[in-house]
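# Descriptive structure summary
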Number of protein chains: 2
Amino acid sequence: MTACDDRPTDPRVLRSRAKMIDAATDLLIEAGPRAVTVDAVSERSGVAKSTLYRHWDSREGLLVDVMRANVPDIDPAPDGLGFEASIRHVVTELAAMFSSPRWRGILPALMMLQQHQPELAEIAHADHQGKRQILDAVLQLGVAEGRLPADIDEELVARQLIGPIFFAVLTAHPDDDAAVDRTVEFVLERFFASYPG
Amino acid sequence: MTACDDRPTDPRVLRSRAKMIDAATDLLIEAGPRAVTVDAVSERSGVAKSTLYRHWDSREGLLVDVMRANVPDIDPAPDGLGFEASIRHVVTELAAMFSSPRWRGILPALMMLQQHQPELAEIAHADHQGKRQILDAVLQLGVAEGRLPADIDEELVARQLIGPIFFAVLTAHPDDDAAVDRTVEFVLERFFASYPG
DNA sequence: CGGAAACGATACGAAACAGTATCGTAGCGA
DNA sequence: TCGCTACGATACTGTTTCGTATCGTTTCCG
């Protein structure tokens, strides 16, 4: 008997929960958080409203789990790849994450809602930290290889690498996917130019 | 008799309009766009609901004008300042804009709402273009001074300069104002390092 | 197979919200 | 001062939305 095994294993629970989160996610992407109403989620998912309230005690709670379920993961850089290839890998991975239509549709809502909902702010912050950890590992690899100064400020470098891509995604027209690719190339080019090997 | 002088000059119109936009702005900043309801704006502003519908034909229209009224202006770089001082000026100005509590409270809402409201997307785009024009002028000054290559891609450089600041504002904790300042310094430092004079 | 738990369907209440309508009042400008 | 226009107050309709309650049915799991 394992401790803390309070995860639901009943397939009925998992099924209905997944259906509702999927429906809510679709609504969120299609028409924004305003469209994620209890009735709309119930209708779209085919799950009864009463069931929804058996899983969450309010609409807010559902929205929190919708965000949690959609925060994307990225692959950390494989071991033994070397600094330059590793950082290329991570930045490219991050750019792909930001460019994915799914996350593009959700991220702005998360950025806004987190302002007035501490629970969502935590999710956003945890996501941020998770990605930072992966990037920091690569930067430390750069230090170990003597390519980066030992006293490098990882936070500032992270902003320098991710900021332009983040900015491009939130401002560029949705059809202009090439913009992000160009930005990635430019960012990396300038990064290596300023920390020459 | 000037043509196209259809701007309302009646002080009553200007007064009530300003009151409503102010109230709506406060609500938007305090609790997000969901809180900007017709009744709430009416109550908070002290202006009757019927008057609100004399000015706008829907809640959406009001929200559009709220955004329009709050898009911040920045000072363009003064003439004769030279390239390096000019770009410092513009980037600092942009950072101050992003850091202002007012715009910090509104920008995320604009970023989100623009996804499903073309009118707001236009406002965001026009704002972006306006700032870009100011920055581009400074970059062209750099080209004229021989500090930047003539074939410089202004869009990419703009993202490089603004992206990290934008990112810092939307992710950093609201109380950490110093983070933006550090980012500005770092961005400029690296910019001048990679385009040495 | 049989009990327990989850689900579906639906109805319901209360409040919020958008938008309309009416009418008397107040303020502006000519 | 006088007419026109904007405004305030308020009531009202219809819809949306949240959240609760009930009860018969299905589904899982031991």
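Quick caveat: nothing in here was measured; it's all calculated off a predicted structure.

Right, let's get into the overall build of chain A. Each helix and strand counted, chain A has 9 helices and 0 strands in total. The secondary structure elements of chain A, listed N-terminal to C-terminal, are α-α-α-α-α-α-α-α-α. Overall, the C-alpha framework of chain A stretches about 60 × 50 × 25 Å when taken along its three principal axes. Going through the 197 residues of chain A one by one, you find that 49% of them count as buried. The long-range fraction of contacts in chain A, counting pairs at least 24 apart against all pairs at least 6 apart in sequence, stands at 65%. Total accessible area on chain A is roughly 9,700 Å²; 51% of this is exposed by carbon and sulfur atoms. Side-chain charges in chain A split into 20 positive and 31 negative, and the spacing between the mean points of these groups amounts to 7 Å.

What follows is about the protein's contact with DNA strand C. In the region of DNA strand C, 23 residues are neighbours, and R12 and S16 of chain A together with V38, K49 and R59 of chain B sit closest. K49 of chain B places a polar side-chain atom, nitrogen or oxygen, 2.6 Å from a base oxygen of DNA strand C. At the level of secondary structure, the elements contributing two or more residues to the surface near DNA strand C comprise α1 (11-31) and α3 (49-55) of chain A together with α1 (11-31), α2 (38-45) and α3 (49-55) of chain B.

Moving on: the relation of the copies chain A and chain B. For the pair chain A and chain B, the superposition axis carries a translation of 0.0 Å, the fit reaches an RMSD of 0.1 Å, and the rotation angle comes to 180°. The two molecules are tied by a two-fold rotation axis, judged by turn and shift. When C-alpha distances to the rotation axis are compared across chain A, the minimum falls at G163 of chain A, with a value of 2.2 Å. Comparing interface residues between copies, 100% of those in chain A also lie at the interface in chain B; the contact surface is shared.

The immediate surroundings of DNA strand D are formed by 24 residues, with R12, V38, K49 and R59 of chain A together with S16 of chain B found nearest. For DNA strand D, the fraction of protein-proximal atoms (within 4 Å) that sit in sugar or phosphate groups is 56%. At a separation of 3.0 Å, a base oxygen of DNA strand D approaches a polar side-chain atom of R54 of chain B. One nitrogen or oxygen atom from the side chain of H55 of chain B is found 3.1 Å from a phosphate oxygen belonging to DNA strand D. For the surface near DNA strand D, the elements supplying multiple residues, two or more each, are α1, α2 (38-45) and α3 of chain A together with α1 and α3 of chain B. No other element matches the 4 residues that α3 of chain B contributes to the surface near DNA strand D.

Turning our attention to the domain arrangement of chain A. Residue and element names in this part refer to chain A. For chain A, the domain assignment lists domain 1 (11-69) and domain 2 (72-194). Just the C-alpha atoms count here: the centres of domain 1 and domain 2 sit 29 Å apart. Counting residues at the interface gives 9 residues for domain 1 and 10 residues for domain 2. With both sides pooled, the region where domain 1 packs onto domain 2 buries about 960 Å², and carbon together with sulfur makes up 76% of that total. When the buried surface of domain 1 facing domain 2 is broken down by residue, I29, V64 and M67 rank first, second and third, together holding 54% of it. Seen at the junction of domain 1 and domain 2, the total is 0 salt bridges. Ranked by residue count, the leading element in the side of domain 1 that touches domain 2 is helix α4 (residues 59-70), at 5 residues.

Within the structure shown, the criterion is met by 13 aromatic pairs over all chains. For the ring pair F98 of chain A and F166 of chain A, a centre distance of 5.7 Å and an interplane angle of 75° mean the geometry is edge-to-face. Placement of the pair is F98 of chain A in helix α5 (residues 83-99) and F166 of chain A in helix α8 (residues 154-171), with a sequence separation of 68 residues. Accessibility expressed as a relative area gives 2% for F166 of chain A, which makes it buried. These aromatic residues form a ring-pair network of at least three members: F98, F166 and F167 of chain A together with F98, F166 and F167 of chain B.

One finds I87 and F191 of chain A together with I87 and F191 of chain B to be the most contacted residues of the largest nonpolar core, which totals 123 residues. In contact with F191 of chain A, other than residues within four places in its own chain, are F83, I87, L139, L148, V157 and L161 of chain A together with R190 of chain B.

The rules we used
Residues numbered from 1 in each chain as written. Chains lettered and ligands numbered in written order. Predicted model: local features only at pLDDT ≥ 70, side-chain atom pairs only at ≥ 80, totals over all residues. Heavy atoms only, no water. Helix = DSSP H or I, 4+ residues; strand = E, 2+ residues; numbered from the N terminus. Buried < 20%, exposed > 50% of the residue type's maximum accessible area, 1.4 Å probe, protein only. Contact = heavy atoms within 4.5 Å. Areas by Shrake-Rupley, 256 points an atom, 1.4 Å probe, with all protein chains shown as cover. Lys, Arg positive; Asp, Glu negative; His and termini not counted. Charge placed at Lys NZ, Arg CZ, Asp CG, Glu CD. Near = heavy atom within 4 Å. Polar contact = N/O pair within 3.5 Å; in protein donor to acceptor, adjacent residues only side chain to side chain. Least-squares fit on C-alpha atoms with pLDDT ≥ 70 in both. Domains from an automatic or database assignment. Buried area = accessible area lost by both parts, 1.4 Å probe. Salt bridge = Lys/Arg side-chain N within 4 Å of Asp/Glu carboxyl O. Phe/Tyr/Trp six-rings, centres within 6.5 Å; stacked < 30°, edge-to-face > 60°. Core = buried A, V, L, I, M, F, W, Y, C linked by side-chain atoms within 4.5 Å.

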